[in-house]
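This is what each chain is made of:
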Amino acid sequence: MQLGIFYALLAYIIWGLLPLYIKSLHGVAPLEILLHRMVWSLVFLGAIVLWRRHFGWLREVAARPRLILNFAASAGLLCANWFLYIWAVSADRVVDASLGYFINPLFSVLLGVLLLHERLRPVQWLSIAIAAAGVFWLTWTAGHLPWIALGLAASFGGYGLLRKTGALGALEGLSLETLILFPVAASALAFLFLTGQDTTRAAATGTQVLLLLAGPVTAVPLLLFAAGARRIPLSLLGLLQYAGPTIQLGLGIWLYQEPFPAQKQIGYALIWISLAIYATEGVLVSRFGPKRVIDVKNEVA
């Protein structure tokens, strides 16, 4: 249990600190960062697969073309999520990006209801309603939808849904996704270099070295997350996941001095309240069971 908590929390901390890595890539365009991330992720994951001599899953993939189509869809959503996040951080929108990962769990719940026909308890519906009120408030005060947050939540929520119904584990699934993305990414990088449109060669040497580390920066937290998820209850994993966007929000406000006016704070507060209600209800249900939680509520009333 303790080892599982350590793995999962370390994964979320790395994700929370990811803006520091992206901000350090001075002079490199967001699209190029994305392309490097796809290319070097496959190199890193391929080295792990080769070291473990773990090739059996490739035969399963070759025998099931539909599986490739499913993971091509998840790879597309992952690519969209990566690019939007990289662009948001590069454009000094870390606070807005953090909101996407705060509301992502609730967005995933809605996808489960709409597409997997999962049923929600009344308190869960209340939590979603409060979060929706928060999004409405942010939209009304800003004059437009918080599209960065909604885009990140939708892309990662959709990715999680496809991976939930996928037939491969974390290492195998991510390896297949990066394998699918690699030809496009490598071709695009080659085109930029051959035509002199790249920004990588003009970057500092330290920045170029950091680009080579895009593989482990991407894969290590995913592998830590998978290792932690196998060892701890889902309810505890759900609570730990808020460490990532909390760190991102802190970086955006205090390190990068992004604006966080009172109007935006109210919207975020509503979403935090909804998450607190959702998480508390989930812990109570996992510990005592739905019937016991209802009995306790009736006794209090």
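All values derive from a computational prediction rather than experimental measurement.

1. Quick word on the nonpolar core
Right, on to step 1. In this structure, Ile22, Met38, Tyr85, Leu152 and Leu168 are the most contacted members of the largest nonpolar core, which totals 45 residues.
Right, on to step 2. Elements with a contribution of two residues or more to this core: helix H2 (18–23), helix H3 (30–52), helix H4 (56–63), helix H5 (65–90), helix H6 (94–115), helix H8 (147–164), helix H9 (170–194) and helix H11 (214–229).
Right, on to step 3. Sort the elements by how many residues they give to this core and H5 lands first, with eleven residues.
Right, on to step 4. Among residues more than four places away in sequence, those in contact with Leu168 are Trp57, Glu60, Val61, Leu67, Phe71, Arg163, Gly173 and Leu176.

2. Describing the pattern of salt bridges
Right, on to step 1. Inspection of the entire model under this criterion finds five salt bridges.
Right, on to step 2. Notably, a salt bridge pairs Glu281 with Arg121, separated by 2.6 Å at the nearest N-O pair. In this pair, Glu281 sits in helix H14 (residues 262–288) while Arg121 sits in the loop between H6 and helix H7 (122–142), placing the two residues 160 residues apart along the sequence.
Right, on to step 3. With a relative accessible area of 5%, Glu281 lands in the buried category.
Right, on to step 4. Measuring nitrogen to oxygen at the nearest pair gives 2.6 Å for the salt bridge that ties Arg201 to Asp198.
Right, on to step 5. Classification of Asp198 as buried rests on a relative accessible area of 11%.
Right, on to step 6. Within the structure, one salt-bridge network assembled from shared partners comprises Arg93, Asp96 and Lys264.

3. So, the UniProt feature "domain: EamA" (unreviewed entry) in the protein
Right, on to step 1. The positions that UniProt labels "domain: EamA" (unreviewed entry) are, in the present scheme, residues 3–139.
Right, on to step 2. Note that residues 3–139 is 85% helix and 0% strand, and that its end C-alpha atoms are spaced 41 Å apart.

4. A short note on the side chain of Asn104
Right, on to step 1. Within the element layout of this structure, Asn104 appears in helix H6.
Right, on to step 2. The class for Asn104 is buried, based on a relative accessible area of 8%.
Right, on to step 3. For Asn104, the side chain forms a polar contact with the main-chain nitrogen of Gly157, separated by 3.3 Å.
Right, on to step 4. The contacts of Asn104, once residues within four sequence positions are left out, are Ala153, Phe156 and Gly157.

Cut-offs and rules
Residues numbered from 1 in each chain as written. Predicted model: local features only at pLDDT ≥ 70, side-chain atom pairs only at ≥ 80, totals over all residues. Heavy atoms only, no water. Core = buried A, V, L, I, M, F, W, Y, C linked by side-chain atoms within 4.5 Å. Buried < 20%, exposed > 50% of the residue type's maximum accessible area, 1.4 Å probe, protein only. Helix = DSSP H or I, 4+ residues; strand = E, 2+ residues; numbered from the N terminus. Contact = heavy atoms within 4.5 Å. Salt bridge = Lys/Arg side-chain N within 4 Å of Asp/Glu carboxyl O. UniProt positions renumbered as here; feature names shortened; annotations may be inferred. Polar contact = N/O pair within 3.5 Å; in protein donor to acceptor, adjacent residues only side chain to side chain.

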